[in-house]
Amino acid sequence: MRRVTLTQFLIEQQRAGRMTADLRLLLEVVARAAKAISVNVSKGALAGLLGEAGTDNVQGEAQKKLDVIANEILLQANEWGGHLAAMASEEVETVHQIPFDYPTGGFLLLFDPLDGSSNIDVNISVGMIFSVLRMPPSEQRATEESFMQPGREQVAAGYALFGPSTMFVLTIGHGVHAFTLDREMGSFIYTQPFMTIPEETREFAINASNARFWEKPVQRYIDELQQGKAGPRGVDFNMRWVASMVADVHRVLTRGGIFMYPMDEKCRHQGGKLRLMYEANPMAMLVEQAGGAASTGRERILDVQPHKLHQRVPVILGSRAEVERVNDYYREA
Ligand code: AHG
Ligand code: MN
Ligand code: MN
Ligand code: MN
C-alpha cells in the first residue's frame, strides 16, 4: 500500500479546501516539535533529562525537566513562522506573545507540552496535547481575553502519544486521523483514517482512589459497573487507568471506553482536575469527531464558556451511550 505522509495528507486537505496554507504550516510545525519531544522523551536516563526541574508551574505542580524542555521546544518551533497571534501553555502563567521582530498570523495555539508527566520517571507513556483557535479579527494584540472561546470554536485539535510507537492524532473538523512516526525516515505515516469510537463499551477509566470524594451520580454509575453481571447492567466491565490523559483517551478512540475525571470534593475548589483549554477541549473535539461524547456531567465540554486560561473542568468522555447514561444520572440527581 502506498505510504502517505502527514505532509501529503495536509496538502490534500488544503487542496480539498478544508484548511488554509497557514493552518497547514501550523500543523506541520507542531508535528515537527512532537518529533523533537519524542527524541528527548525516549532518551530517558541516558541524557539526564528525568526528574524534577526544581521549579513549580502556575498549576502549583513541581515541573519535570521534560515539562520545561517540551514547553521550550513548542514555543521556539512556533514563534518565528508568522502563523500565530500568540500561544498559551500549561507551563506558562500568561499569554506567550510572539517576539516583536517576528510577523504574526491569525491563529492561537494552546498546548499541554508534556501530558502525564508524573509517568515520565517510571517510563510509562506520556503525550502532548494541542488546540488551535482563531485570533478574534477585531483585536490587534492577543490578550488572555482573546483565548476565552468555547471549545466548539476550535479549528483543529490533536495530540502526540509517546508510547511504544510515537503517534500523532489530529482533527481539523473532518474526522480523526492517526499517524505513526517512522523513525528511520523521520516522517509521520498515515496509519489510521477516520478513528471511530464504538457506541457501546465494557471498559471504564477513572482514578478509583477518589471514590469517596465523587458526586452521587458518579458513585451510582461506578457502583453499577462494579457489580458486574449481578448488577443492573448485567455485564462485567474492565478498568484501565494510565494517568496520562493522552494514553487513556487514545485507548478510548481506538477501542472504545469511558474516561472520567469527574468533579470531586478534593478538586471542587479548582473547578475540577483537568484543564479546559488544553486538555478537555482538544480531547472533546477529537472524541466528538470520532462519534463519541464529552461532558462535564452537567454540560457539553465544547459549550463551556472559559473565563481563565488555566481553568479546570470535570471530564466525562468516550462511548456516547455511556457518557449519556452518566449525564442522565446527573439530571436525575
Ligand atoms: P499533566 O501531566 O499534563 O499535568 O496532566 C496530568 C493529568 C492527566 O494527564 C491525567 O489524566 C491526570 O492528570 C491523572 O491524575 P491523577 O494523577 O490524579 O490520576
Ligand atoms: Mn502538569
Ligand atoms: Mn496534562
Ligand atoms: Mn502537562
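Residues numbered from 1 in each chain as written. Chains lettered and ligands numbered in written order. Predicted model: local features only at pLDDT ≥ 70, side-chain atom pairs only at ≥ 80, totals over all residues. Heavy atoms only, no water.

Enquirer: Hey, could you run me through the overall build of the protein in this one?
Expert: In terms of regular secondary structure, the protein is built from eight helices and 17 strands. Taking the principal axes of the C-alpha coordinates as reference, the protein spans close to 65 × 50 × 45 Å. Within the protein, buried positions represent 58% of all 333 residues. With an accessible surface of roughly 14,100 Å², the protein has 51% of that area assigned to carbon and sulfur atoms. Between the mean site of the 34 positive side-chain charges and the mean site of the 40 negative ones, the protein shows a separation of 4 Å. (Helix = DSSP H or I, 4+ residues; strand = E, 2+ residues; numbered from the N terminus. Buried < 20%, exposed > 50% of the residue type's maximum accessible area, 1.4 Å probe, protein only. Areas by Shrake-Rupley, 256 points an atom, 1.4 Å probe, with all protein chains shown as cover. Lys, Arg positive; Asp, Glu negative; His and termini not counted. Charge placed at Lys NZ, Arg CZ, Asp CG, Glu CD.)

Enquirer: Sorry, what's going on with the domain arrangement of the protein here?
Expert: Interface size, as often reported, equals the accessible area lost upon joining of the parts. What the domain assignment reports for the protein is domain 1 (6–192) and domain 2 (203–332). Put simply, the middle of domain 1 and the middle of domain 2, counted by C-alpha atoms, are 24 Å apart. Facing the 51 residues of domain 1 at the interface are 31 residues of domain 2. Taken over both partners, the interface formed by domain 1 and domain 2 buries close to 2,900 Å², and the fraction arising from carbon and sulfur atoms is 62%. Our count for the domain 1 to domain 2 interface comes out at three salt bridges. Residues R275 and E90 are paired through a salt bridge, measuring 3.2 Å at the closest nitrogen-oxygen approach. Between the two partners, domain 1 and domain 2, sit 22 residue pairs in polar contact (both at pLDDT 80 or more). Looking at the side of domain 1 that touches domain 2, the elements that each hand over two or more residues are strand 3 (84–89), strand 5 (107–115), strand 6 (126–134), helix 4 (144–147), strand 7 (156–162) and strand 8 (166–171). (Domains from an automatic or database assignment. Contact = heavy atoms within 4.5 Å. Buried area = accessible area lost by both parts, 1.4 Å probe. Salt bridge = Lys/Arg side-chain N within 4 Å of Asp/Glu carboxyl O. Polar contact = N/O pair within 3.5 Å; in protein donor to acceptor, adjacent residues only side chain to side chain.)

Enquirer: Looking at this model, I keep getting lost on the coordination of the manganese ion (ligand 3). Mind explaining?
Expert: Around a metal, the idealised angle for a tetrahedral arrangement of four donor atoms is 109.5 degrees; for an octahedral arrangement of six donor atoms it is 90 or 180 degrees. Distances from the manganese ion (ligand 3) to its protein donors, D112 (OD), D115 (OD) and E279 (OE), fall within 1.9 to 2.1 Å. Read N to C, the donor residues that coordinate the manganese ion (ligand 3) are spaced as D-x2-D-x163-E. Taken as a pair, the manganese ion (ligand 3) and the manganese ion (ligand 2) lie 5.4 Å from each other. (Donors = N, O, S within 2.8 Å, 3.2 Å for Na, K, Ca; no water.)

Enquirer: Looking at this model, I keep getting lost on the sheet that holds strand 10 (residues 187–192). Mind explaining?
Expert: Each strand in a sheet pairs with another by means of backbone hydrogen bonds, the pair being arranged parallel or else antiparallel. One open sheet holds the eight strands; their spatial order is 4-3-5-6-7-8-9-10, and the pairing between them is mixed. Of all the strands in the sheet, just strand 4 (96–97) and strand 10 have a single pairing partner and so form its edges. Relative to strand 7, strand 6 is paired through seven bridges, and the arrangement is antiparallel. Paired with G127 across the bridge in strand 7 is L161. Docked against the sheet, helix 2 (residues 21–41) engages strand 3, strand 5, strand 6, strand 7, strand 8, strand 9 (176–182) and strand 10, running at close to 165° with respect to strand 6. (Pairing = 2+ DSSP bridges. Axes fitted to C-alpha atoms, helices over the stretch in contact; angles between N-to-C directions.)

Enquirer: What is the right way to read helix 7 (residues 276–289) from this model?
Expert: An α-helical segment advances 3.6 residues per turn. Residues three or four places apart therefore align on the same side. Across the 14 residues that make up helix 7, a large majority, 12, are buried. Turning to helix 7, its buried residues number three or more, namely L276, M277, Y278, E279, A280, N281, P282, M283, A284, M285, L286 and V287.

Enquirer: Looking at this model, I keep getting lost on the coordination of the manganese ion (ligand 4). Mind explaining?
Expert: Protein-derived ligands of the manganese ion (ligand 4) are E90 (OE), D112 (OD) and L114 (O), with the metal-ligand distances lying across 2.0 to 2.2 Å. Counting the intervening residues between successive donors of the manganese ion (ligand 4) yields the motif E-x21-D-x1-L. In this structure, the manganese ion (ligand 4) lies 3.5 Å from the manganese ion (ligand 2), and both are coordinated by E90. A relative accessible area of 1% means that D112 is categorised as buried.

Enquirer: Looking at this structure, how should I read the sheet that holds strand 17 (residues 315–318)?
Expert: Taken in spatial order, the five strands line up as 12-11-13-17-15 in an open sheet, and their pairing is mixed. The sheet is open, and its two edges are formed by strand 12 (238–239) and strand 15 (293–295), each paired on a single side. Where strand 11 (residues 203–206) and strand 12 come together, two bridges link them in parallel fashion. Residue F204 lies in a different strand from strand 12, and its bridge partner there is M239. Against the sheet, helix 7 contacts strand 15 and strand 17, and its axis sits at roughly 25° relative to strand 17.

Enquirer: Teacher, can you tell me more about the pairing of strand 10 here?
Expert: Consecutive residues of a regular strand have side chains that alternate between opposite faces of the sheet. Where strand 9 meets strand 10, five bridges bridge the pair, whose relative direction is antiparallel. Looking at strand 10, one finds that F179 is bridged to Y190. In sequence, strand 9 turns back onto strand 10 through a hairpin of four residues, with G186 there showing a positive phi of about 75°.

Enquirer: Looking at this structure, I do not really get the UniProt feature "domain: Fructose-1-6-bisphosphatase class I N-terminal" (unreviewed entry) in the protein. What am I missing?
Expert: As annotated by UniProt and renumbered to match this structure, "domain: Fructose-1-6-bisphosphatase class I N-terminal" (unreviewed entry) occupies residues 5–192. With 26% helix and 32% strand, the stretch residues 5–192 has end C-alpha atoms that lie 12 Å from each other. (UniProt positions renumbered as here; feature names shortened; annotations may be inferred.)

Enquirer: So what exactly am I meant to see when it comes to the packing of aromatic side chains here?
Expert: Centre distance and the angle of the planes are the two values used to describe a pair of aromatic rings. Under the counting rule described, the total for this entry stands at eight aromatic pairs. Relative to Y261, the ring of W241 lies with its centre 5.8 Å away and its plane at 55°, an arrangement referred to as tilted. One end of the pair, W241, is in the loop between strand 12 and helix 6 (245–255); the other, Y261, is in strand 13 (residues 258–261), and 20 residues separate them in sequence. We classify Y261 as buried; its relative accessible area is 11%. The structure contains a cluster of three or more aromatic residues connected by ring pairs, namely F9, F179 and Y190. (Phe/Tyr/Trp six-rings, centres within 6.5 Å; stacked < 30°, edge-to-face > 60°.)

Enquirer: Teacher, can you tell me more about the side chain of S131 here?
Expert: One can find S131 in strand 6. Polar side-chain contacts of S131 include one of 2.7 Å to the side chain of Q154. Non-local contacts of S131, meaning those with residues more than four positions away in its chain, are made with L108, L109, L110, Q154, A156, A157, M277 and P282.

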